[in-house]
Amino acid sequence: MAAAASSSLSHLLLAPKSRTHPNPSRLPSRWGGSATPLPRRRRLTPAISAAASDLLSPAPSLKSRLAAGDTLYGLFLLSFSPTLAELAALAGYDYVVVDMEHGPGGIPEALACLRALDAARTPAVLRLPEASAVWAKKALDLGPAGLMLPAVESPAAATEAVSYCRYPPRGVRGAAHPIVRASAYGLDDSYLSRCEDDTLVICQVETAPGIAQVEAIAAVDGVDVVQMGPLDLSASMGYLWDPGNRKVRATLREAERKVLEARKKKVAAASDGNAAYLGGFAMPNDPPEQLKLRGYHMVAGTADIAMFRKAALADVKRFREAVMEIGEEGDEEEGEEEKKENDGYWSE
């Protein structure tokens, strides 16, 4: 939550409640009609603990962390489960992408996930179903840390995508800031002055035409991150069934090099021109550690559905392959206590 909103809400939450009952120091005596003064108690000022103060203070934005040189590790959330969103945040992911492009949920379901992530102080990025002003407007009004816009294929398309995230005259975003969640429903007076600086705009470059112009896309003012899309790129190049094809990998490496070199030149020259950060998805043939070593600034390691699928298949396989020979029951019981100690959850 923004600093101004945090201070406003903390004032509302922590201020002493108004007293609606009679003054307890002047209660009537049970023995007569006269009022008997009671000893006055010293009013206790509500103390804000360090933990509470930390919860009320704004979390560092994704933009500020990227500028500080952090490599951010994230997760894609396709289930739209607020519980899994909360768990991902508590596990320590730097950001979570709520995927409205390929996940089954829309704006209402995304809102529930954003609330879970905000409560755990983890930035949420909303991936839109398409790069359009209508979807961007509805998503931004929820107050995410960033937007991911799919299938950006040219500098002109990137410029248009950025315009969806800005108010007039710099863009076309519809204005409802006094009442939407992004401004703490109007409680955050600073929202208009900082929203465009705080919101991370991520353009997905995931087709052969887009890759051909990736350097120019990364240079568009307002594009904060260029996100590589290996699966769609492989399909675009005719290798839908072979995303790890060497031609696809070579094309990705060349695009990576262009974006990273442009970023390095900008930092070295301290120029005013834009040079986007590099983001990407890990693949079975290209794990997240490799992306980090190659210089990616934002790395999405996996998706919640993929993690559950892998764990579920392994669990079923382990059970199906378990074989107990006659006479081994005693051996199993002997190791039971040790199993209980090692298991994260156990119920008799």
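Residues numbered from 1 in each chain as written. Predicted model: local features only at pLDDT ≥ 70, side-chain atom pairs only at ≥ 80, totals over all residues. Heavy atoms only, no water.

An unreviewed UniProt entry lists the protein under the name HpcH/HpaI aldolase/citrate lyase domain-containing protein, with Urochloa decumbens as the source organism. In its Sequence similarities (unreviewed entry) section, the UniProt record describing the protein reads: "Belongs to the HpcH/HpaI aldolase family." (UniProt positions renumbered as here; feature names shortened; annotations may be inferred.)

> Describe the confidence of the model for the protein, and please don't skip the residues or the numbers.
When the pLDDT values of the protein are averaged, the result is 85; 76% of them are 70 or greater. Counted against residues more than four places away or in other chains, residues 1-36, with its pLDDT under 50, gives 38 contacts. (pLDDT = per-residue confidence, 0-100. Contact = heavy atoms within 4.5 Å.)

> I'd like a rundown of the packing of aromatic side chains, residues and numbers included.
Under the criterion given, the structure shown has two aromatic pairs. Ring centres of Phe76 and Phe281 lie 4.9 Å apart, and the angle between their planes is 55°; on these two criteria the pair is classed as tilted. In this pair, Phe76 is assigned in strand E1 (residues 72-77) and Phe281 in strand E7 (residues 277-281), connecting sequence segments 205 residues apart. Note on accessibility: Phe76 and Phe281 belong to one class, buried. For the cation-ring pair, Arg263 lies above Tyr277, with the distance from its terminal atom to the ring centre recorded as 3.9 Å. (Phe/Tyr/Trp six-rings, centres within 6.5 Å; stacked < 30°, edge-to-face > 60°. Helix = DSSP H or I, 4+ residues; strand = E, 2+ residues; numbered from the N terminus. Buried < 20%, exposed > 50% of the residue type's maximum accessible area, 1.4 Å probe, protein only. Lys NZ or Arg CZ within 6 Å of the ring centre and 35° of its normal.)

> Summarise empty space enclosed by the protein; cite the residues concerned and give the values.
Following the criterion strictly, the structure yields one cavity of 30 Å³ or more and no others. The space that makes up the largest cavity amounts to roughly 120 Å³. Taken together, the elements giving at least two residues each to the lining of the largest cavity come down to helix H12 (246-269) and E7. (1 Å grid on protein atoms, 1.4 Å probe; cavity = no way out; pocket = protein on both sides within 12 Å on 5 of 7 lines; lining within 4 Å. Points joined across faces, edges and corners; volume = space filled by probe spheres on them.)

> So what about the sheet that holds strand E3 (residues 124-127)? Which residues, and what values?
Spatial strand order, E1-E2-E3-E4-E5-E6-E7-E8: eight strands in a closed barrel with parallel pairing. Across the sheet, the axes of successive neighbouring strands diverge by a mean angle of 25°, strand direction being ignored. Direction of pairing for E7 relative to strand E8 (residues 298-303): parallel, over a ladder of three bridges. Its bridge partner lying in E8, Phe281 is registered against Ala300. Set on the sheet, helix H5 (residues 107-119) makes contact with E1, strand E2 (95-99) and E3; between it and E2 the angle comes to about 170°. (Pairing = 2+ DSSP bridges. Axes fitted to C-alpha atoms, helices over the stretch in contact; angles between N-to-C directions.)

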